[in-house]
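One letter stands for each residue in the lines below.
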Amino acid sequence: MISSSGSYPEPASGYARDMHAWPASEVPALPGKGRDLRIHDTATGGRVTLDPGPVARIYVCGITPYDATHIGHAATYNAFDLVQRVWLDTKRQVHYVQNVTDVDDPLLERAVRDDIDWVALAEKETALFREDMTALRMLPPQHYIGAVEAIPGIVPLVERLRDAGAAYELDGDVYFSVEADPHFGEVSHYDTELMRALSAERGGDPDRPGKKNPLDPMLWMAAREGEPSWDGGSLGRGRPGWHIECVAIALDHLGMGFDVQGGGSDLVFPHHEMGASHAQALTGEHPFAKAYVHAGMVALHGEKMSKSKGNLVFVSALRRQGVDPAAIRLALLAHHYRADWEWTEEVLQEAVERLDRWRAAVSRPDGPSADALVEEVREALADDLDAPAALAAVDRWAARQQAEGGTDEAAPGLVSRIADALLGVAL
Ligand code: 5CA
Ligand code: ZN
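- With an unreviewed UniProt entry as reference, the protein is termed L-cysteine:1D-myo-inositol 2-amino-2-deoxy-alpha-D-glucopyranoside ligase, source organism Streptomyces lavendofoliae.
- The annotation that UniProt attaches to the protein under Sequence similarities (unreviewed entry) is "Belongs to the class-I aminoacyl-tRNA synthetase family. MshC subfamily."
- Note on the protein: under the UniProt heading Catalytic activity (unreviewed entry), the record states "1D-myo-inositol 2-amino-2-deoxy-alpha-D-glucopyranoside + L-cysteine + ATP = 1D-myo-inositol 2-(L-cysteinylamino)-2-deoxy-alpha-D-glucopyranoside + AMP + diphosphate + H(+)".

A short note on the UniProt feature "binding site: Zn(2+)" (unreviewed entry) in the protein
Move 1: Taken from the UniProt record, the annotation "binding site: Zn(2+)" (unreviewed entry) applies to Cys-61, Cys-246 and His-271. Spanning 211 residues, the annotated positions come together in the fold, the maximum distance between their C-alpha atoms being 9.6 Å.
Move 2: Take Cys-246: it is sitting in helix 6 (residues 242-253).
Move 3: What Cys-246 contacts, discounting residues up to four positions off in sequence, is Tyr-59, Cys-61, Asn-99 and His-271.
Move 4: By the secondary structure assignment, His-271 is in helix 7 (residues 268-283).
Move 5: You can call His-271 buried: its relative accessible area is 2%.
Move 6: Apart from residues lying up to four places away in sequence, His-271 is in contact with Cys-61, Trp-242, His-243 and Cys-246.
Move 7: A polar contact of 2.9 Å, which involves the side chain of His-271, links it to the side chain of His-243.

Thoughts on the pattern of salt bridges
Move 1: As enumerated under the stated definition, the model contains 34 salt bridges in all.
Move 2: In this structure, Arg-92 engages Asp-51 in a salt bridge whose closest nitrogen and oxygen atoms are separated by 3.8 Å. Residue Arg-92 is found in the loop between helix 1 (71-89) and strand 4 (93-100), and its partner Asp-51 is found in the loop between strand 2 (46-49) and strand 3 (55-60); the two are separated by 41 residues along the sequence.
Move 3: The class for Arg-92 is buried, based on a relative accessible area of 13%.
Move 4: Across the pair Arg-400 and Glu-404 runs a salt bridge whose closest N-O atoms are separated by 4.0 Å.
Move 5: Classification of Arg-400 as partly exposed rests on a relative accessible area of 42%.
Move 6: When its relative accessible area of 59% is taken as the criterion, Glu-404 is described as exposed.

Details of the environment of Pro-217
Move 1: The topology assignment puts Pro-217 in the loop between helix 5 (192-201) and strand 8 (218-222).
Move 2: According to the relative accessible area criterion, Pro-217 is buried, its value standing at 7%.
Move 3: Residues Pro-217 and Leu-251, spaced 34 residues apart in sequence, show a C-alpha to C-alpha distance of 19 Å.
Move 4: When residues no more than four places from it in sequence are discounted, the contact partners of Pro-217 are Val-174, Tyr-175, Phe-176, Val-178, His-243, Met-274 and His-278.

Focus on the side chain of Asp-216
Move 1: With respect to the secondary-structure elements, Asp-216 resides in the loop between helix 5 and strand 8.
Move 2: Of the side chains with opposite charge, Lys-211 comes closest to the buried, unpaired Asp-216, at an N-O distance of 6.3 Å.
Move 3: Polar contacts involving the side chain of Asp-216 include one to the side chain of Tyr-168, which spans 2.6 Å.

Quick notes on the rules
Residues numbered from 1 in each chain as written. Chains lettered and ligands numbered in written order. Predicted model: local features only at pLDDT ≥ 70, side-chain atom pairs only at ≥ 80, totals over all residues. Heavy atoms only, no water. UniProt positions renumbered as here; feature names shortened; annotations may be inferred. Helix = DSSP H or I, 4+ residues; strand = E, 2+ residues; numbered from the N terminus. Contact = heavy atoms within 4.5 Å. Buried < 20%, exposed > 50% of the residue type's maximum accessible area, 1.4 Å probe, protein only. Polar contact = N/O pair within 3.5 Å; in protein donor to acceptor, adjacent residues only side chain to side chain. Salt bridge = Lys/Arg side-chain N within 4 Å of Asp/Glu carboxyl O. Lys, Arg positive; Asp, Glu negative; His and termini not counted.

Written as structure tokens, this is what we have:
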């Protein structure tokens, strides 16, 4: 059991949860030392050079476990896996925390729709996610924490916010008051109209009468008929809101001012905006995270790949069809993490061909020197995770290998280690 958040509550169904991450693939060491990461920060709208201490701290929002793992999820986790690989290459340790939203409206709605137990659904999809992450060689978090197991840590935070006047009750539910954080709005910089629209679209309830501000998000939802609920102390029985879940887990395991808060761009608002405000109102400190980093959205047939639309390509389905996970990984890496892009057959085909070329190139006993390649790939990734540039650099080495070969006996092994250590691709 990986948690420091105290005892585990028994969910309504009497199910006891055991939340483990997945096994780590080894990260080979490379000669020399990597470069400090310069990365685009949503809050400042520009590039920041991260300067983590000897232990870099990162929180990446995890899945809501139904319809996992689609290529959009995989692309987002790929981006944050690269962040860690760059840090590891600078000889830092990484403290990585991820949640799994194992109780929330969309999960419960799906369980009702499909007439299955919500716990069984969450369990099954989380297990599949772990398998997919392992196959894709994504580095595991040290703490992989479920919303349900975090409840004992969430309740006192909501009580504190309420007691400090930063939260209020409405018919038994507890709402966060966005006015409580002077920095509210500084993650997304969206205007009120857009915030309101996105809030309605992404789990908020801006039209509910009685709220102080339409944007105020729920911290604690009083027990609803037919839905699971937990003991909330002075809050009464209920379940946690979405944003406070991630805040409780991040504060518990990383503390304020950690290096990177990560997720897809659909989390900029309300999730990361509200999370920052919850934490800032709780602690009186700013910022919650030093950089807010967001990955672009992957589309299928012209529309964002999403569970609600059902236009999904699953990592597990591709694996079942015999697609090498390294090819899936190369398909993700072929796109800049900040770009929105479209998954197509051609994208996969190109990745399969690239993998074949790279494998052929490293299977020879010698080749052109790869000493410069280490630095090229390092520089590409340190430059706002420019994975396409990193692939292009390896492509150039593979092309030279094919055209002229070389006499450096260390080169093929070094290229394999570069692909593995910095890109998570096993050749
Ligand atoms: N459980 C919450 C975060 S606390 C959640 O958003 N779960 S999720 O399953 O909907 O998404 C998991 C991650 O995948 C999020 O970072 C989300 O931004 C990202 N994601 C979802 N759809 C796509 C997509 N089509 N392209 C890229 N990333 C996506
Ligand atoms: Zn989250």
